[in-house]
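For reference, the chains in residue letters:
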Amino acid sequence: MQLPLVVGVDGSEPSLRAVDWAADEAVLRGVPLRVVHASLWEFPPSPRPARAEETPVEGAVPGKPQEQVRAEDVVEAAARRARVRHPGLPISRAALPEEPEAALVRESRNASVLVVGARGRSAVADLLLGSVSLFVAAHADCPVVVVRGGHDNQVRTPVHGRVVVGVGDESAEAVRFAAEEAERRGAVLEAVRAWRRPAYEGLSHPLITGEPARVHEERAARALEAALRDVPSQVKLERRTAEGPARGVLLAAARHADLLVVGVRCRPGSLGLRLGRTAHRVLHHAACPVAVVPERERGEAVPEGARGTREPREERP
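Just so we're clear, the structure is a prediction, and the values are computed from it rather than from any experiment.

(A) Molecular detail of the environment of Val167. Here Val167 is to be found in the loop between β6 (162–166) and α5 (172–185). Given the relative accessible area of 6%, Val167 is considered buried. In this structure, the C-alpha to C-alpha distance between Val167 and Glu225, residues 58 residues apart in sequence, is 10.0 Å. Setting aside anything within four residues of it in sequence, one finds Val167 in contact with Val175, Ala191, Val192, Arg193, Leu224 and Ala227.

Printed below as a string of structure tokens:
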């Protein structure tokens, strides 16, 4: 059986929209869905006899911390939502007593795709994106989709029929992922490469005739063509080069897309965030879901579980 698609949930509206998107994507891929919630809770002390005057806390389960009960409720509610959306979809669940960042990054090692919402629940995480989503997008071993959208507690049905991929100097995995997504949806794949003339080619430069701009644009077009050489012929492909900062060009393209795909370089042994300015900006501001795809250096081994097939792990308590 293929690797499951994992969705991280926390009970918030953004995570429920992520569940909708993840369930749809799992059906498209023909893979199981795994619903994961992680939060820290303390295990209860050794049980003691209850006193006659003590009143049980409503909803409490003997031997379980209230936070664990809440975590299991969050996971069950999310799984129930996915079942309603797709009754035949195989779903597993996990409520884990650990930091969500660490849990989701570990889950990514045995996932085909990891899906998260755009915001977190806590005051610290409730930023433009959310600290958990940002950390996971930067460190996961598989593609991460951050589901962005409105505040109506519903994921929007794809309406544009278009997947956009940003093509940089190292974008092989991003292009492959985007082509597969476009083919599954019967959508157009729009491949975009931004280019900029060097700063020294300003008004005082002797080659003010416009030729420098043409040279840079042609170089971008050749690089774009080379990056797309392995896209299957059945994929409806559009190529576009645009002058300007990559983050601005991609944000403009995302307004008319159902999914924006960007690549992120993986550097072995790096402990810090590996998101560049472009990925960071589109994750915060794109008008559609954003897929962040790890781009590994040539010759680097692919982590176990990042590709291929494996049976989903057994459901954990």
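Additional details are given in the paragraphs that follow.
(B) Quick look at the pattern of salt bridges. Counted under the stated rule, the structure contains 25 salt bridges. A salt bridge links Arg193 to Asp169; the shortest N-O distance between them is 2.7 Å. Of this pair, Arg193 sits in strand β7 (residues 188–195) while Asp169 is found in the loop between β6 and α5, placing the two residues 24 residues apart along the sequence. Under the relative-accessibility criterion, Arg193 is labelled buried at 13%. Judged by its relative accessible area of 66%, Asp169 is exposed. Measuring nitrogen to oxygen at the nearest pair gives 2.8 Å for the salt bridge that ties Glu181 to Arg184. Of this pair, Glu181 and Arg184 both sit in helix α5, 3 residues apart, roughly one helical turn. Take Arg184: its relative accessible area is 29%, and that puts it in the partly exposed class. Three or more residues are tied together by salt bridges with common partners; here these are Glu25, Arg29, Glu173, Arg176, Glu180, Glu181, Arg184 and Arg185.

(C) Quick look at the nonpolar core. In terms of nonpolar packing, the biggest core is built from 45 residues, with Val7, Leu33, Val35, Val115, Val165, Leu189 and Val261 touching the most fellow members. In this structure, Ala140, Ala257, Leu275 and Val290 belong to the second largest nonpolar core, which totals 39 residues.

(D) Examining the pairing of strand β2 (residues 33–38) more closely. Within β2, 6 of the 6 residues are buried, which leaves it mostly tucked inside the rest of the structure. Covered by surrounding structure in β2 are Leu33, Val35 and His37 together with Arg34, Val36 and Ala38, the residues of both alternating faces. Note: strand β1 (residues 5–8) against β2, 4 bridges, orientation parallel. Paired with Val6 across the two strands is Arg34, which belongs to β2. Traced from β1 through helix α1 (residues 13–29) to β2, the parallel crossover comes out right-handed. The pairing of β2 with strand β3 (residues 91–96) spans 6 bridges and is parallel. The partner of Val35 across the bridge, within β3, is Arg93.

Thresholds, definitions, all that
- Residues numbered from 1 in each chain as written.
- Predicted model: local features only at pLDDT ≥ 70, side-chain atom pairs only at ≥ 80, totals over all residues.
- Heavy atoms only, no water.
- Helix = DSSP H or I, 4+ residues; strand = E, 2+ residues; numbered from the N terminus.
- Buried < 20%, exposed > 50% of the residue type's maximum accessible area, 1.4 Å probe, protein only.
- Contact = heavy atoms within 4.5 Å.
- Salt bridge = Lys/Arg side-chain N within 4 Å of Asp/Glu carboxyl O.
- Core = buried A, V, L, I, M, F, W, Y, C linked by side-chain atoms within 4.5 Å.
- Pairing = 2+ DSSP bridges.
- Right-handed = clockwise from strand over helix to strand, strands pointing away.

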